[in-house]
Amino acid sequence: MKKKQKFKRLQHTLMIAFLVLSVTPLTLLATFFLSSHTSDLKEQSTNHMASLRDNKKEQLLNYFNSLRQDVDAFASSELATNSGGRFYGLVGAYAQLGEIPEETRKLLRERYLNQGFANANSGIRKYSGNYSMAFDRYNRPYREYLKRSQFDEVLLVNMSGDVVYAASQSDSLAENLLSSKWKSTTEGKAFSEIQGKTEAWLKGKVEQRKLTGDGSTNTTKPIVFTDFVSSGDDGKTAWFATAITQNDYLHSYVLFRLSDKKMIEMLSRDSQDNFVTTLLVGEDHNLRNPSGDDNANKLFSQAIDEALGGETGVGSFTNFDNTQVLSAYTPVVIMGYKWGLVLELPEVYAYARIDQLEKIFFVVMVSAIILVILASHMLSNSITSPLLRLTWAAEQVSAGDMEQEIAFTDRKDEIGRLATSFARMQRSISDKIALIKEQNAKLEENLALIKQKNNELKQADKMKDDFLATTSHELRTPLHGMVGMAESMLAGTEGNNIEQHKNQLQMIISSGQRLSGLVDDLLDYHKMRYGELDLQLEAVDTASAVRLVIELSSHLIGNKPVRIINQMPIDLPLVKADEQRLEQVLYTWLVTPLSTQMKVKSSSMVSSETI
């Protein structure tokens with residue numbers, strides 16, 4: 001059984017080609033678009049974090065510059081000089097109290113903290129003096145100042161280190177900041193530092209005045225800032241300290257307490273991104289703006305180390321709680337203290353737009369590929385479907401269905417031209433087949449006629465053979481009679497006939513025998529056609545046979561310019577042959593019409609085969 005040949009579907013090849021030609025550039029363009037936009041979004045996120053970092057740094061610097069200016073302005077204000085004068089105000093009134101026993105100080109501090117100084121004064125009236133009047137005069141303005149400032153406490157300290165006034169009912173009232181109890185505290189350190197710097201500043205102005213006669217060039221009054229430290233449940237606090245002077249004359253000192261809550265509030269003000277965390281870390285790796293549990297442990301991360309090392313930048317890091325974040329960091333120097341400002345944004349939020357873009361890209365690419373596949377299928381089907389129908393129609397036509405309808409001949413494109421060509425080919429084949437059928441019919445008629453003529457020829461040929469056989473038989477009997485009579489005459493009248501008559505009788509006998517031989521030839525021909533001829537083999541003298549044939553044929557020459565020359569040797573050996581058939585062959589060959597001289601020669605080589 002012949003195996004059916006399988007063909008590849010052209011539609012599959014076209015679909016693959018369309019997909020490759022469509023999806024490849026689409027993928028390249030989409031990948032380039034995604035890569036470029038991802039890079040842009042990362043750059044935007046980086047620039048955004050850098051901008052936030054710079055803004056926070058500027059806010060922080062402006063904030064502390066504002067606090068410094070506020071401290072300097074307050075120390076030069078009328079409230080400060082009036083309340084902090086060495087011989088008047090709260091400082092002067094406190095000096096008039098003289099030496100207060102420790103028990104009285106404790107009682108005064110407890111009643112002041114719980115009831116206010118007005119109520120506490122009733123129990124210690126002999127120690128109050130003018131202090132009560134000064135307190136009533138300046139307490140309200142101090143409290144009003146605290147309401148509108150960033151500070152939550154103001155301490156007025158005399159030159160000996162005694163806290164003569166605390167605006168927020170601090171437990172340091174009537175305490176000496178140089179004592180062993182307070183010297184190691186933040187406010188004690190701030191007072192010791194500002195006391196030393198102020199003395200050095202005033203001494204410098206005096207020396208400058210002696211040298212130049214003018215001490216106004218060194219007008220910047222020293223201001224001391226202590227870094228934030230933990231103060232119990234109230235979080236962390238820092239202290240500003242400066243001197244109250246008038247005409248380069250030192251009266252007292254004023255200390256301002258700053259809570260980290262104010263700074264945290266400032267840093268979170270105008271924050272547009274709730275996911276960005278701002279860290280202010282000191283060189284001790286402790287937060288300066290703690291929130292919640294951040295105050296408990298020291299913070300360590302690469303971004304913090306970079307910031308404290310003086311580097312500025314933006315990058316992806318693992319923060320202190322092992323979260324991948326986008327960090328913007330920079331060092332910040334606040335009044336001599338080096339902090340690291342670090343802004344952290346979790347990468348899940350920093351690159352949220354990138355993730356969203358990738359999801360959109362994936363959805364769009366999948367949708368585009370599906371559309372391309374559908375379009376490729378429709379396009380390839382629009383090309384291969386007509387071709388398949390034309391192929392099926394061509395196969396039907398090749399199978400002999402000349403009535404098969406060829407579709408798409410009305411189309412104006414290449415497929416329409418192909419369908420029209422198929423239709424024309426179908427019509428041409430149909431016409432050719434009709435013509436061949438017509439010619440075959442004529443050929444069959446001619447073959448029938450030829451067959452009839454052949455039968456007639458065979459019948460005529462048979463009739464001819466029958467006629468020849470009959471005629472031969474009819475001629476053979478009288479010829480034999482004539483030859484017999486001539487032989488009898490030749491034998492019976494040998495003595496009475498002359499030589500000429502003998503020759504003539506001999507000629508009659510020879511011619512009769514020849515005619516008889518011809519008749520026998522006709523009969524032999526008839527036998528040969530039907531396979532009935534028999535050969536009589538015997539020893540034959542070739543020379544005698546040649547001479548006899550020449551004698552019988554000599555009368556045929558007549559006046560023709562032809563000679564028959566016999567050069568056959570007489571001593572040729574005998575040959576085994578049918579003498580009659582040999583003579584027939586020689587005679588046929590000899591009597592052939594010749595126009596030139598003919599020589600008959602005999603070879604001495606004799607074959608043993610039968611002639």
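Bear in mind the structure is a predicted one, so any value in this text is a computation, not a measurement.

Conventions used here
- Per chain, residue numbering runs from 1 following the sequence as it is written.
- In keeping with the predicted nature of the model, local features appear solely for residues at pLDDT of at least 70, side-chain atom pairs appear and are counted solely at 80 or more, and the whole-chain, interface and lining totals rest on all residues.
- Excluded from the side-chain calculation are hydrogens and water; included are all heavy atoms of the structure.
- Segments assigned H or I by DSSP are reported as helices when at least four residues long, segments assigned E as strands when at least two residues long, and all are numbered from the N terminus.
- We call a residue buried when its accessible area falls under 20% of the maximum for its residue type, exposed when it is over 50%, and partly exposed in between, using a 1.4 Å probe and counting protein chains only.
- Residues count as neighbours in contact if any of their non-hydrogen atoms are within 4.5 Å of one another.
- As used in this record, nonpolar core signifies buried Ala, Val, Leu, Ile, Met, Phe, Trp, Tyr and Cys residues forming a set joined through side-chain atoms within 4.5 Å.
- Pairing of N or O atoms within 3.5 Å defines a polar contact, subject to two protein rules: one partner must be a possible hydrogen donor and the other a possible acceptor, and residues neighboring in sequence count only if both atoms are side-chain atoms.
- At least two bridges found by DSSP between two strands is the condition for calling them paired.
- Convention adopted: a line fitted to C-alpha atoms gives each axis, helices being fitted over their contacting stretch, and angles between N-to-C directions are expressed from 0 to 180 degrees.
- Residues forming no salt bridge and having over 30% relative accessible area are the ones grouped into patches, like charges within 9 Å of each other and nonpolar side chains (Val, Leu, Ile, Met, Phe, Trp, Tyr) within 5 Å.
- Residue exposure ignores everything except the shown protein chains as possible cover, and the areas themselves are Shrake-Rupley values with a 1.4 Å probe.
- By convention in these notes, a salt bridge is any Lys or Arg side-chain nitrogen within 4 Å of a carboxyl oxygen on Asp or Glu.
- Between rings of Phe, Tyr and Trp, where Trp is taken as its six-membered ring, a pair exists when centres lie within 6.5 Å; planes separated by under 30 degrees are stacked, by over 60 edge-to-face, and by other angles tilted.
- Each residue carries a pLDDT value, the predictor's own confidence for that position, ranging from 0 to 100.
- Expected helix span is given by 1.5 Å per residue-to-residue step, counting one fewer step than there are residues.

A. Looking closely at the overall build of the chain. Scanning the chain from N- to C-terminus turns up 16 helices and 13 strands. When each of the 611 residues of the chain is scored for burial, the buried share is 37%. If you take every contact in the chain between residues at least 6 apart in sequence, the share linking residues at least 24 apart comes to 62%.

B. Structural view of the nonpolar core. Membership of the largest hydrophobic core comes to 76 residues, with the highest contact counts inside it found for Leu60, Phe64, Tyr142, Phe240, Leu255 and Met263. Sorting elements by how many residues they give to this core places helix H1 (residues 10-75) first, with ten residues. Every residue in contact with Tyr142, bar those within four places of it in the chain, is listed here: Phe74, Leu79, Ala80, Ser83, Leu90, Val154, Leu156, Tyr165 and Ala167. Residues Leu572, Val575, Ala577 and Leu582 belong to the second largest nonpolar core, which totals 13 residues.

C. Structural detail: the side chain of Thr242. Turning to its location among the elements, Thr242 is positioned in strand S4 (residues 236-246). Polar side-chain contacts of Thr242 include one of 3.1 Å to the backbone oxygen of Pro222. Contact partners of Thr242, with chain neighbours within four places excluded, come to Val71, Ala75, Ile194, Lys221, Pro222, Ile223, Tyr253 and Val254.

D. How the structure looks around the pairing of strand S3 (residues 223-230). For S3, the buried fraction is high: six of the eight residues fall into the buried class. Pairing of S3 with S4 involves six bridges; the strand directions are antiparallel. In the strand pairing of S4, Ile223 is matched with Thr242.

E. Representation of the sheet that holds S4 within the structure. Strand order across the open sheet formed by five strands is S2-S1-S5-S4-S3, with antiparallel pairing between neighbours. Because the sheet does not close on itself, it has two edges, and the strands there are strand S2 (163-166) and S3. Here the average twist between neighbouring strands, direction ignored, is 20 degrees. Across three bridges, the pairing between strand S1 (residues 153-157) and S2 is antiparallel.

F. Quick look at the environment of Ser231. Among the secondary structure elements, Ser231 is positioned in the loop between S3 and S4. Owing to a relative accessible area of 31%, Ser231 belongs among the partly exposed residues under this scheme. Considering only alpha carbons, one finds Ser231 and Ser259, 28 residues apart in sequence, at a separation of 9.5 Å. Sequence-distant contacts of Ser231, defined by excluding residues within four places in its chain, comprise Lys236 and Thr237.

G. Up close: a nonpolar patch on the surface. On the surface, a nonpolar cluster with roughly 590 Å² of combined accessible area is contributed by Phe362, Val363, Val366, Ile370, Leu371 and Leu374. In this structure, Phe362 sits in helix H12 (residues 352-398). Judged by its relative accessible area of 57%, Phe362 falls in the exposed class.

H. Region of interest: the packing of aromatic side chains. Applying the stated rule across the entire model yields 20 aromatic pairs. Residues Phe64 and Trp339 carry aromatic rings whose centres are separated by 5.7 Å and whose planes lie at 75 degrees to one another, so their mutual orientation is edge-to-face. Separated by 275 residues along the polypeptide, Phe64 in helix H1 and Trp339 in strand S9 (residues 337-346) bring together distant segments of the chain. As far as the burial class goes, Phe64 and Trp339 line up, both buried. Between Phe151 and Phe256, the aromatic rings sit 5.0 Å apart at their centres with planes inclined by 40 degrees, giving tilted as the arrangement. Placement of the pair is Phe151 in the loop between helix H7 (130-148) and S1 and Phe256 in strand S5 (residues 249-259), with a sequence separation of 105 residues.

I. Quick peek at the pairing of S5. Extensive coverage of S5 is indicated by the burial of nine of its eleven residues. Both S1 and S5 contribute to a ladder of five bridges, which runs antiparallel. When the sheet's bridge partners are listed, Val154 is paired in S5 with Phe256. Bridge count for S4 against S5 is ten bridges, and the pairing is antiparallel. Note that in S5 the partner of Thr245 across the bridge is Leu250. Between the antiparallel neighbours S4 and S5 lie two residues, among them Asn247 with a positive phi of about 60 degrees.

J. Layout of the environment of Ala407. Within the secondary structure layout, Ala407 lies in the loop between H12 and helix H13 (414-492). Residue class for Ala407 comes out partly exposed when judged on its relative accessible area of 22%. Separated by 16 residues in sequence, Ala407 and Ala423 place their C-alpha atoms 8.8 Å apart. Each residue touching Ala407, except ones within four places of it in the same chain, is listed here: Arg389, Leu390 and Ala419.

K. Region of the structure containing the confidence of the model for the chain. Per-residue pLDDT for the chain has a mean of 79; in total, 82% of the residues score no lower than 70. Counted against residues more than four places away or in other chains, residues 119-127, with its pLDDT under 50, gives twelve contacts. Taken together, the stretch residues 593-597 has pLDDT below 50 and engages in four contacts with residues farther than four places along the chain or on a different chain.

L. Layout of helix H16 (residues 579-590). The end-to-end C-alpha separation of H16 is 16 Å, in line with the 16 Å expected for twelve residues at 1.5 Å each. When H16 is considered as a whole, its buried residues turn out to be Arg581, Leu582, Glu583, Gln584, Leu586, Tyr587 and Leu590.

M. Fine view of the pattern of salt bridges. In the structure shown here, the tally under the stated rule is eleven salt bridges. Note that Lys147 is salt-bridged to Glu144, the shortest N-O span being 3.9 Å. With Lys147 and Glu144 both in helix H7, this residue pair falls three residues apart, about one helical turn. With its nearest N and O atoms 3.1 Å apart, the salt bridge here joins Asp152 to Arg257. Linking Asp152 in the loop between H7 and S1 with Arg257 in strand S5, this pair joins segments that are 105 residues apart in sequence. One network of salt bridges, in which partners are shared, links Lys205, Arg209 and Asp248.

N. The arrangement of helix H3 (residues 89-96) in detail. Among the eight residues of H3, six are classified as buried, and the element is accordingly described as predominantly covered. Buried within H3 we find Gly89, Leu90, Val91, Gly92, Ala93 and Tyr94.

O. Spotlight on the sheet that holds strand S7 (residues 313-318). Read from one edge to the other, the open sheet built from four strands follows the order S6-S9-S8-S7, with strand pairing classed as antiparallel. The open sheet has two edge strands with one neighbour each: strand S6 (277-281) and S7. The mean angle between the axes of side-by-side strands here comes to 30 degrees, regardless of whether they run parallel or antiparallel. As paired elements, S7 and strand S8 (residues 324-334) share six bridges and run antiparallel to each other. Directly across from Val314, in S8, lies its bridge partner Ala328.

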